[in-house]
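So the chains spell out like this:
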Amino acid sequence: MDLERQVKIFKALGDPTRLTIIRLLAVKELCVCEIIPATGKSQPTTSAHLKILHEAGLVKYRKDGLSVYYRLADNALKKLLETSGKIE
């Protein structure tokens, strides 16, 4: 993995809102409509955070009709969270 990719990943994880989203997704796949209230942010702000996480390769999404569901892209991130603290 090149240095630029690693920087992008750690920058994405360095924001409290994005880390909250990652912790939620470590438990299960969630619809954006479920992520928004958990972050306490507006829909556009939450979507912007999800876009950053997606561009960093940390989350994947799928569309089901009008709903968009997000999940972790890799179980390695879940393992990292488990070793660094409790996942809620």
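Just above sits the structure.
The structure reproduced in this document is the subject of the present report. (Residues numbered from 1 in each chain as written. Predicted model: local features only at pLDDT ≥ 70, side-chain atom pairs only at ≥ 80, totals over all residues. Heavy atoms only, no water.)

1. Looking at the nonpolar core
The nonpolar side chains of a soluble globular protein tend to be buried, and buried together. With 19 residues, the main nonpolar core has I22, L25 and L58 as its most contacted residues. Mapped by element, the contributors of at least two residues to this core are α1 (3-13), α2 (16-25), α3 (32-39), α4 (43-55), β3 (67-72) and α5 (75-84). Excluding residues that lie within four positions of it along the chain, I22 makes contacts with L13, L53, L58, V59, L72, L77 and L81. (Core = buried A, V, L, I, M, F, W, Y, C linked by side-chain atoms within 4.5 Å. Buried < 20%, exposed > 50% of the residue type's maximum accessible area, 1.4 Å probe, protein only. Helix = DSSP H or I, 4+ residues; strand = E, 2+ residues; numbered from the N terminus. Contact = heavy atoms within 4.5 Å.)

2. So, the sheet that holds strand β2 (residues 59-64)
Taken in spatial order, the three strands of this open sheet run β1-β3-β2, and their pairing is antiparallel. Both edges of this open sheet fall to β1 (30-31) and β2, since each of them pairs with a single strand only. (Pairing = 2+ DSSP bridges.)

3. Quick word on the packing of aromatic side chains
Given two aromatic rings, their pairing is described by the distance between the two centres and the angle made by the two planes. Summed over the entire model, instances satisfying the criterion amount to one aromatic pair. Relative to Y70, the ring of Y61 lies with its centre 5.7 Å away and its plane at 45 degrees, an arrangement referred to as tilted. One residue, R62, lies across the ring of Y69, its end atom 4.5 Å from the ring centre. (Phe/Tyr/Trp six-rings, centres within 6.5 Å; stacked < 30°, edge-to-face > 60°. Lys NZ or Arg CZ within 6 Å of the ring centre and 35° of its normal.)

Honestly, it's all geometry; don't read function into it.
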